[in-house]
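A look at the structure
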Amino acid sequence: KYGLKDGPVAGIIARLSEVKGHKYLLMAMKKVITDIPDAQLLIVGEGSIKKDLQGLAQELGIIQNVYFIPAVSDTVEPLSVMDVFVMPSLQEGLGLSIMEAMLAGVPVAATAAGGITTLVKDNQTGILVKPADAHNLALAIIELLKNKEKACRLSSSARDLIVREFSLEKMAEET
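Each helix and strand counted, the protein chain has eight helices and six strands in total. Taken from the N to the C terminus, the helices and strands of the protein chain come in the order β-α-β-α-β-α-β-α-β-α-β-α-α-α. The C-alpha atoms of the protein chain give 15 Å as radius of gyration, which agrees with the globular expectation for 175 residues (16 Å, within 12%). Here the protein chain holds 175 residues, and 50% of them are scored as buried.

If you want it as structure tokens, here you go:
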């Protein structure tokens, strides 16, 4: 449906705006693809910087490994094809799409920005890097794609966190 080929898939579900850090993800993917040539990036979302991002992917020489699809109301399907979920935000509230990825059992690499650190505990429920750090973001993605055991352990802990702390009952009770 998305035109993906064989090979691991990193993905993001977010509106296409500067604050979400997509350009750092594209720069990181250049390194990821150098290390894992069949790696692909699925970018789900719409926004004002789409053409800029497509241009950057072209400039970086990775456009053939990058797939842009429009925003979706149900994230289950795009999450089901991702091997790693990436959120490279420069600023973020809590991060609903991170919560959805965690609940779906997709390992997460993200930046330590805003409320993301409430969800992603480095090397416990995902891998955290500094915002705007494409090099270390690439290393985190590569680690999660290559180290299946670690990816599975982190995603399992992340899913447990979401079920335990963010269930409908718990949220209603806390509110």
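And the narrative resumes.
The end-to-end C-alpha distance of helix α6 (residues 134-146), which contains 13 residues, comes to 18 Å, matching closely the 18 Å that a straight helix rising 1.5 Å per residue would cover. Burial in α6 covers these residues: A134, L137, A138, A140, I141, I142, L144 and L145. Looking at the buried residues of α6, the elements they touch are β1 (9-13), α1 (22-35), β4 (84-87), β5 (108-111), β6 (127-129) and α7 (148-165).

This part is about helix α2 (residues 50-59). Side chains three or four residues apart in an α-helix point the same way, a direct result of the helix having 3.6 residues per turn. Those residues of α2 that fall on the buried side of the exposure criterion are L53, L56 and A57. One side of α2 carries all its buried residues, which in axial view fall inside an arc of 100 degrees. Facing away from the buried side of α2, by more than 90 degrees, are the exposed residues K51, D52, Q58 and E59. In this fold, the buried residues of α2 make contact with α1 and β3 (66-69). Among the residues trailing α2, G61 stands out with phi positive, at a value near 75 degrees.

Take the nonpolar core next. Residues L26, M29, M82, F85, I98, V120 and I141 are the most contacted members of the largest nonpolar core, which totals 60 residues. Counting residues per element, this core draws most heavily on α6, at seven residues.

Tracing the sequence through the fold places V129 in strand β6. A relative accessible area of 9% places V129 in the buried class. Taking C-alpha positions, V129 is 14 Å from K20, a pair spaced 109 residues apart along the chain.

Conventions and cut-offs
Residues numbered from 1 in each chain as written. Predicted model: local features only at pLDDT ≥ 70, side-chain atom pairs only at ≥ 80, totals over all residues. Heavy atoms only, no water. Helix = DSSP H or I, 4+ residues; strand = E, 2+ residues; numbered from the N terminus. Rg over C-alpha atoms; globule rule 2.2 N^0.38 Å. Buried < 20%, exposed > 50% of the residue type's maximum accessible area, 1.4 Å probe, protein only. Expected span 1.5 Å × (residues − 1). Contact = heavy atoms within 4.5 Å. Arc of directions from axis to C-beta. Core = buried A, V, L, I, M, F, W, Y, C linked by side-chain atoms within 4.5 Å.

In short, the description is geometric, and any link to function would need to be established separately.
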